[in-house]
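Here's the letter readout for the chains.
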Amino acid sequence: MADHSIPDSRAGAIRAIAETSDHLGRGDADDPDAGRDGHARVPVLSDRDPVLGLMDLDWVDAAFERLNSAFASQRDVLHAVACKAVPLRSLLHRYAEAGAGCEVASPGELELALEAGFAPEAIVFDSPAKTWTELRRAVDLGVSINIDNFDELARLDTILAERRPGPASAEVPGPASAEVPRPASARIGIRINPQSGTGAIGSLSTATETSKFGIGLGDPGARESLIEAYLARPWLNQIHVHSGSQGISLDKAAVGIRAAVELAEEINARAASESTTVPETSTSVRRDSQSPTAPDRRRVTRIDIGGGLSVNFDGEDVTPTFAEYRAVLEDLVPGLFDFDIVTEFGRALLAKAGTILTRVEYAKTTGGRRIAMTHAGVQVATRTAYAPADWPLRILPFTAHGAPKTAEAVPTDIAGPACFSGDLLARDRMLPRLDAGDLVAVPETGAYYFSNPFSYNLLPAVPVYGYRTTSDGAIEWALIRRGQSLDRVLTETGAFDSGAWNRGRIDSSSNDSANFEFEGLNNDNLRIASEISDRSLSRGAEAIDSAEKGRQ
């Protein structure tokens, strides 16, 4: 069956885990770090860790090599891995060591990227809601910044003016000003929304007419305002666009990128025509066939094309490929390759590398459908649980010993542990009949799944292991993230100061209202709270009376 045509490395990893695990759930005392030769032990499925996240490190390395090969250029190319796809320190460090950059969209992601070893100039800071503090931090670090809107641009003007020698001024610097503040960031640009349309998954389409991201290029006056903004600020030297996403065709993604390139070319032409001496705007070196080492004096020298290459969730084939994307871009947007390029891939680099592995705790048949109760659900596959039509996942069933399960196919739900009916990884799927103790593997989950835990029902973050196959066929393991202990789960619920909040006592002897005695709150606070409560109850009663009268 097609579901069982899994790569040998994944099959070997699952078999090794099955042979090590105890179907009775024991193994809680195992130390994941207590392996040989500096490697972790073979992971164990146990009552403590009934779900594992697995990452094929050979695949991680190979996918990044394919990306580098596909986008080889005489120009500078920075592949900034999307932190949100896999916010795991050791994996990000692996990318930093390989020469990648990192795309971040929050303060936490920014600090994680720094701790993972990315140089500031290799970090690209995207976010539609950057605070003053975040912008100042980014400028001081020297990371690249993609500005989302004109208000954010005005904030950046103010921040740069604060750093200008002499009296501070929040005025927007003019193109001819000799005192234009120079940001520490190597590259700063504006994100445009090409408004190129919706893909198969509306919630992921970032280039719709009313997308929350970027400045709508087709909105009245927007294009000219963007051009004027670049002409007035020599430090604006890149343009950001993110028109691709899961469910977006390569051609449609290319349409959005073409809009960014055409805007950059227009800005550069206007800048050249309006000034006889173009100020130095970048340390970029233009590499082309005519002058491979000449400094690039254009205003815009880099295009950030974002990420969003779709992933095949229906089978093992990798389609589309990075090489296919490059071919489409060369055909439809040849001018892109006259610029330095940034990419922000995440899912396309990592999804195929990841597998969720769990065991069937119980199995039952209800209403003619087999229900396999597992420990993998909304906490590791949030998108699939809440939007199953948009994010269907393959299910690979195995026996408790790690062999592909062969049995009569029956309609099956693969259920998770959370307390809501929609906590399913698969619904009414024809699968070999599953029994308690069997294993369930869920491939294509290396991005946005177990690496991004959701703590519904206080379900813990699951342990994540990397594995790779040695030349002699053995499997080496590395612990990427420890599973979350119950102590850590409880810590996240917050502290409780029993001295400040002692139990209140209620005197209900009065028919007018309850009299409260609560240590830590004074009488004025209690009086105000009581008045608010009385007013709320009164308004509620009036609303009910009005509704009843309307029905009569």
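In this text, all values refer to a predicted model and were calculated from it rather than measured experimentally.

1. Comments concerning the packing of aromatic side chains
All chains considered together, the criterion is met by 11 aromatic pairs. Ring centres of Phe71 and Tyr325 lie 6.4 Å apart, and the angle between their planes is 70 degrees; this geometry places the pair in the edge-to-face category. In this pair, Phe71 sits in the loop between helix 2 (57-70) and strand 2 (77-82) while Tyr325 sits in helix 9 (residues 322-332), placing the two residues 254 residues apart along the sequence. Given a relative accessible area of 2%, Phe71 falls into the buried group. You can call Tyr325 buried: its relative accessible area is 2%. Taken together, a centroid distance of 5.5 Å and an interplanar angle of 45 degrees make the contact between Tyr467 and Trp477 tilted.

2. So, the pairing of strand 11 (residues 354-366)
In terms of strand pairing, strand 1 (residues 51-56) meets strand 11 through five bridges, oriented antiparallel. Of the residues in strand 11, the one forming a bridge with Met55 is Gly354. Direction of pairing for strand 11 relative to strand 12 (residues 369-374): antiparallel, over a ladder of six bridges. By the bridge assignment for strand 12, Val360 is matched with Thr374.

3. Structural notes on the pattern of salt bridges
Summed over all chains, the structure comprises 30 salt bridges. Put simply, Asp61 and Arg94 hold a salt bridge, and the shortest N to O gap is 2.9 Å. Taken together, the positions of Asp61 in helix 2 and Arg94 in helix 3 (residues 89-97) put the pair 33 residues apart, joining distant regions of the chain. Under the relative-accessibility criterion, Arg94 is labelled partly exposed at 25%. For Arg370, the salt bridge goes to Asp435, with nearest N and O atoms at 3.0 Å. Placement of Arg370 in strand 12 and of Asp435 in the loop between strand 15 (424-432) and strand 16 (439-443) is noted, with a sequence separation of 65 residues between them. Under the relative-accessibility criterion, Arg370 is labelled buried at 8%.

4. Looking at the side chain of Lys405
Note on placement: Lys405 falls in the loop between strand 13 (396-398) and strand 14 (409-415). Accessibility expressed as a relative area gives 9% for Lys405, which makes it buried. Only 2.5 Å separates the side chain of Lys405 from the side chain of Asp438, close enough to count as a polar contact.

5. Concerning the environment of Val241
Note that Val241 resides in the loop between strand 8 (236-240) and helix 8 (250-274). Spatially, the C-alpha atom of Val241 lies 8.5 Å from that of Ile190, the residues being 51 residues apart in sequence. With residues up to four places along the chain from it excluded, the contact list for Val241 reads Ile192, Pro194, Gly256, Ile257, Ala260, Asp304, Ile305 and Gly306.

6. Some details on the nonpolar core
Residues Ile239, Ile303, Leu329, Leu336, Leu349 and Leu350 are the most contacted members of the largest nonpolar core, which totals 110 residues. Considering each element in turn, this core owes the most residues, 11 residues, to helix 8. Membership of the second largest hydrophobic core comes to 17 residues, among which are Ile14, Phe398, Ala441 and Trp477.

7. Structural notes on the pairing of strand 8
Look at any regular strand and the pattern is simple: side chains alternate between the two faces of the sheet. Burial within strand 8 is extensive, with five of its five residues counted as buried. Pairing between strand 6 (residues 188-193) and strand 8: four bridges, direction parallel. From the neighbouring strand, Ile188 faces strand 8, where its bridge partner is Leu236. Alignment of strand 8 against strand 9 (residues 302-304), held across three bridges, turns out to be parallel. In the sheet register, Ile239 faces strand 9, and the bridge partner there is Ile303.

8. Notes on unusual backbone geometry
Pro320 follows Thr319 through a cis peptide bond whose omega is -5 degrees. Among the secondary structure elements, Pro320 is positioned in the loop between strand 9 and helix 9. For Glu444, which is not glycine, the phi torsion reads 60 degrees and is therefore positive. Tracing the chain through its elements places Glu444 in the loop between strand 16 and strand 17 (464-469). For Leu458, which is not glycine, the phi torsion reads 55 degrees and is therefore positive. Secondary-structure assignment places Leu458 in the loop between strand 16 and strand 17.

9. Quick notes on the environment of Asn237
The topology assignment puts Asn237 in strand 8. For Asn237, a relative accessible area of 3% gives the class buried. Considering only alpha carbons, one finds Asn237 and Arg299, 62 residues apart in sequence, at a separation of 5.6 Å.

10. Considerations on helix 3
Listed as buried for helix 3 are Leu91, Leu92, Tyr95 and Ala96. Buried residues of helix 3 fall within an arc of 145 degrees about the axis and therefore sit on the same side. Remark: Gly99 follows helix 3 within two positions and exhibits a positive phi of approximately 95 degrees.

11. Here's the deal with the side chain of Glu444
Using a relative accessible area of 0% as the deciding quantity, one classes Glu444 as buried. A distance of 3.3 Å separates a polar atom in the side chain of Glu444 from a polar atom in the side chain of Lys352. The contacts of Glu444, once residues within four sequence positions are left out, are Arg10, Asn312, Phe313, Gly315, Glu316, Ala351, Lys352, Gly354, Leu393, Arg394 and Tyr449.

12. Quick look at the confidence of the model for the chain
Of the residues in the chain, 75% reach a pLDDT of 70 or more, and the chain-wide mean stands at 83. Low confidence marks residues 168-179, where pLDDT is under 50. Its contacts with residues over four positions away, or in another chain, come to 19 contacts.

13. Quick notes on the state of the cysteines
With the rule as written, the count across this model stands at zero disulfides. There is no disulfide at Cys102, and the cysteine sulfur nearest it, in Cys83, is 4.6 Å away. Take Cys102: its relative accessible area is 0%, and that puts it in the buried class.

The rules we used
Per chain, the residues get numbers from 1 upward, laid out in the order the sequence is written. Totals for whole chains, interfaces and linings use all residues, but because this is a predicted model, local features are given only for residues with pLDDT of at least 70 and pairs of side-chain atoms are given and counted only at 80 or more. Just so you know, side-chain values use all the structure's heavy atoms and leave hydrogens and water out. Pairing of aromatic side chains requires ring centres within 6.5 Å, counting the rings of Phe and Tyr and the six-membered ring of Trp. Pairs whose planes differ by under 30 degrees are stacked, by over 60 edge-to-face, and all others tilted. Starting at the N terminus, helices and strands are each numbered in turn, a helix being any DSSP run of H or I of at least four residues and a strand any DSSP run of E of at least two. Residue exposure (1.4 Å probe, protein chains only): buried if accessible area is under 20% of the type maximum, exposed if over 50%, otherwise partly exposed. Only strands joined by at least two bridges in the DSSP assignment are considered to pair. A side-chain nitrogen of Lys or Arg and a carboxyl oxygen of Asp or Glu constitute a salt bridge if their distance falls within 4 Å. Under this definition, polar contacts are N or O atom pairs within 3.5 Å; protein pairs additionally need one hydrogen-donor-capable and one acceptor-capable atom, and for neighbouring residues in sequence, both atoms have to be side-chain atoms. It only takes one pair of heavy atoms within 4.5 Å for two residues to be counted as in contact. Residues grouped as a nonpolar core are buried Ala, Val, Leu, Ile, Met, Phe, Trp, Tyr and Cys residues, joined through side-chain atoms within 4.5 Å. The arc in question is the one spanned by the directions pointing from the helix axis to the C-beta atoms. On a scale of 0 to 100, pLDDT captures the predictor's confidence in every residue. We call a pair of cysteine sulfur atoms a disulfide whenever their separation is within 2.5 Å.

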